[in-house]
Amino acid sequence: MKTPSLIAGLALSLLAASPLFAAEKTLRIGIEAAYPPFAFKTPEGSISGFDYDIGNALCAQMQVKCEWTEQEYDGLIPSLKVKKIDAALSSITITEERKRSVDFTHKYYFTSARLAMKDGAQVDDQYTSLKGKRIGVQRATTTDRFVTAVLVPKGVEIVRYTSNEEIFMDLVAGRLDGVFADTIPLQQGFLETPKGAGYAFVGPELKDPQYVGEGAGIAVRKGNTQLVSELNQAIDAIRANGEYQKIQAKYFKSDIYGD
């Protein structure tokens with residue numbers, strides 16, 4: 001005959017072995033929280049923004065715990081490679097060059113890139129009128145790659161920064177003539193704010209996949225096909241159940257997913 005203590009012990013063992021009591025899986029995600037409206041710090045010091053909310057929605061869909069690691073943008077892929085994080089969800093554009101070092105999910109949004117300068121500035125489609133100008137760009141981004149390949153040979157001086165916020169500060173202070181960045185954060189994070197008064201988009205909108213890629217995706221370590229598959233399924237699920245659209249509506253007036 002089993003004693004009460006033995007029965008209780010067996011019951012606890014069975015409960016601990018059940019899925020409900022299993023250790024919760026953690027997904028370590030890297031993010032740069034200096035890229036509004038996609039990721040930014042609130043006055044209280046917490047992370048907020050579209051990327052952050054999308055990441056939390058994906059973790060909920062996958063039934064894992066999100067563990068966020070905040071760091072500078074150009075350190076995200078190196079951190080991924082040395083296994084400090086499992087995924088980088090920080091508006092990272094999917095490009096052929098980056099695909100050689102990391103794997104990507106399919107896109108979760110798309111944005112073009114543009115140049116912003118003082119309102120009234122005239123810039124031709126070939127950017128030849130920018131010769132001698134100082135243009136700010138965020139280091140290690142697709143816009144950095146574009147200005148290096150296209151603007152530098154035209155005599156444009158490129159000044160590289162860690163974050164867009166630093167660029168906006170120097171632009172307003174008169175230390176730059178313009179900024180080249182992704183259209184959505186440039187518009188909502190600068191032009192539509194008080195500090196962006198007197199500035200406007202100039203020149204053509206850059207949509208060439210050679211430079212702006214296939215959209216923003218989530219980067220994971222090379223060869224981790226299982227995580228890519230799970231994240232892709234979660235992206236599709238939150239778009240199908242309306243959670244994606246609900247999050248999008250908090251930050252944007254139109255659909256940013258693209259075609």
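Residues numbered from 1 in each chain as written. Predicted model: local features only at pLDDT ≥ 70, side-chain atom pairs only at ≥ 80, totals over all residues. Heavy atoms only, no water.

A. Representation of the environment of Ala216 within the structure. Checked against the element boundaries, Ala216 lands in strand β12 (residues 216-221). In this structure Ala216 comes out as buried when scored by relative accessible area, which is 3%. For the pair Ala216 and Phe180, spaced 36 residues apart in sequence, the C-alpha to C-alpha distance is 17 Å. Residue contacts for Ala216: discarding those within four places in its chain leaves Ser91, Ile92, Thr93, Ile94, His106, Lys107, Tyr108 and Tyr109. (Helix = DSSP H or I, 4+ residues; strand = E, 2+ residues; numbered from the N terminus. Buried < 20%, exposed > 50% of the residue type's maximum accessible area, 1.4 Å probe, protein only. Contact = heavy atoms within 4.5 Å.)

B. Layout of the pattern of salt bridges. For the structure shown, the criterion picks out 13 salt bridges. Note that Arg160 is salt-bridged to Asp144, the shortest N-O span being 2.9 Å. Within this pair, whereas Arg160 is found in strand β9 (residues 157-161), its partner Asp144 is found in helix α5 (residues 142-151), the two being separated by 16 residues in sequence. Taking relative accessible area as the criterion, Arg160 reaches 32% and is therefore assigned partly exposed. Within the structure, one salt-bridge network assembled from shared partners comprises Arg28, Asp86 and Arg221. (Salt bridge = Lys/Arg side-chain N within 4 Å of Asp/Glu carboxyl O.)

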